[in-house]
Amino acid sequence: TLELYNQRRANSRYEPVDIGITVHTGDVMLGIIGEEQRMEGSVVSHHVETALDLERLSAKLGVSILLTDDTLQSVRSVNGEYRKLGMFQIDDDQPPIELYDLFAGDPEHIRKLKSETKALFESAVEAFRQGRFYDARERFVAVVKKNRYDLAAKLYFFECDRYYQHGVTADWNNALRIS
């Protein structure tokens, strides 16, 4: 739908609209706070903050629809192809979170490239998690050679290169840390 909308915008010489969608599942507390003259709705949950952080992360990863493992496990089926992005350390106070790229909403040529490189990308992510940074780096290079638009593969490549050259810290938890 966004692709069609952007085609109409292009015909009118407007800039395209680019969005990132994050779907995260978790408990929230929703309520009305205030007094009779001034009431407002509010949501309290660390899951809301996580969703906001993930929304920002979606742009850095170059994904249009970002799913958490909790979301993927809670739905019966996902329409469209997706790939495992791996574990990400979003916040030091929270455990790492498993993320997925649902690329059904990407432009057709990007969907095709992500589909073609899915197995290689996921094997590179697994090598990264195992601490095999040289192997992971080489696989991410192969992904980027085939799909130069893959920001997630580029991000992983640079982290693999850094870890391969300098090693990891004692508290490394097999997750990619994004600041």
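Quantities reported herein were computed from a predicted structural model and do not represent experimental measurements.

What to know about the confidence of the model for the chain
- Overall, the predicted model of the chain reaches an average pLDDT of 90, with 99% of residues at or above 70.
- The lowest-confidence element of the chain is strand β3 (residues 38–44), averaging 84 in pLDDT; the highest-confidence one is helix α5 (residues 133–146), averaging 97.

Quick notes on the nonpolar core
- Residues L85, F88, F121, F128 and F140 are the most contacted members of the largest nonpolar core, which totals 26 residues.
- Listed by contribution, the elements that provide at least two residues to this core are α2 (46–61), β5 (82–89), β6 (97–102), α4 (108–129), α5 and α6 (151–166).
- With residues up to four places along the chain from it excluded, the contact list for F88 reads L57, L61, P96, I97, L99, Y156, A175, L176 and I178.

Notes on the packing of α5 against α6
- Closest axis-to-axis distance for the α5/α6 pair is 9 Å, and the angle between their directions is 150°. When the axis of α5 is compared with that of α6, the two are roughly antiparallel. By crossing handedness, the relation of α5 to α6 is classed as left-handed. Of the residues in α6, those in contact with F133, Y134, A136, R137, F140, V141, V143 and V144 of α5 are A153, K154, Y156, F157, C160, D161, Y163 and Y164.

What about the side chain of S58?
- Along the chain, the position of S58 falls in helix α2.
- In this structure S58 touches G20, T22, V63 and L66, once residues within four positions along its chain are discounted.

Here's the deal with the packing of α2 against α6
- Interhelical geometry of α2 versus α6 gives an angle of 90° and a closest axis separation of 7 Å. The angle between α2 and α6 places the two elements in the roughly perpendicular class. On the side of α2, the interface is formed by A59, K60 and L61, while α6 contributes L151, A152 and L155.
- Here the residues of the contact of α2 with α6 sort into five nonpolar, no polar and one charged.

Criteria and cut-off values
- The written sequence of each chain sets the order in which its residues are numbered from 1.
- Predicted model: local features are reported for residues with pLDDT of at least 70 only, side-chain atom pairs are reported and counted for 80 or more only, and whole-chain, interface and lining totals are derived from all residues.
- For the side-chain quantities, the full set of heavy atoms in the structure was used; hydrogens and water were omitted.
- Residue-level confidence of the predictor, termed pLDDT, takes values from 0 up to 100.
- Only DSSP runs of H or I reaching four residues or more are called helices, and only runs of E reaching two or more are called strands; each is numbered from the N terminus.
- To form a nonpolar core, buried Ala, Val, Leu, Ile, Met, Phe, Trp, Tyr and Cys residues must be joined to one another through side-chain atoms within 4.5 Å.
- Categorising residues by exposure relies on relative accessible area from a 1.4 Å probe, with only protein chains included: less than 20% of the type maximum marks a residue as buried, more than 50% marks it as exposed, and the intermediate range marks it as partly exposed.
- The contact definition used throughout considers only heavy atoms, calling two residues in contact when any of these lie within 4.5 Å.
- Every axis corresponds to a line fitted to the C-alpha atoms, with the helix fit spanning only the stretch in contact, and the corresponding angles, defined between N-to-C directions, vary from 0 to 180 degrees.
- These descriptions rest on fixed angle ranges, namely under 35 degrees for roughly parallel, over 145 for roughly antiparallel, 65 to 115 for roughly perpendicular, and the rest for oblique.
- For a crossing to be left-handed, the near helix must be turned anticlockwise from the far one by less than a right angle; the clockwise case is right-handed.
- Any residue outside Ala, Val, Leu, Ile, Met, Phe, Trp, Tyr, Cys, Pro, Asp, Glu, Lys and Arg is labelled polar, Gly included; the first ten of those are nonpolar and the last four are charged.

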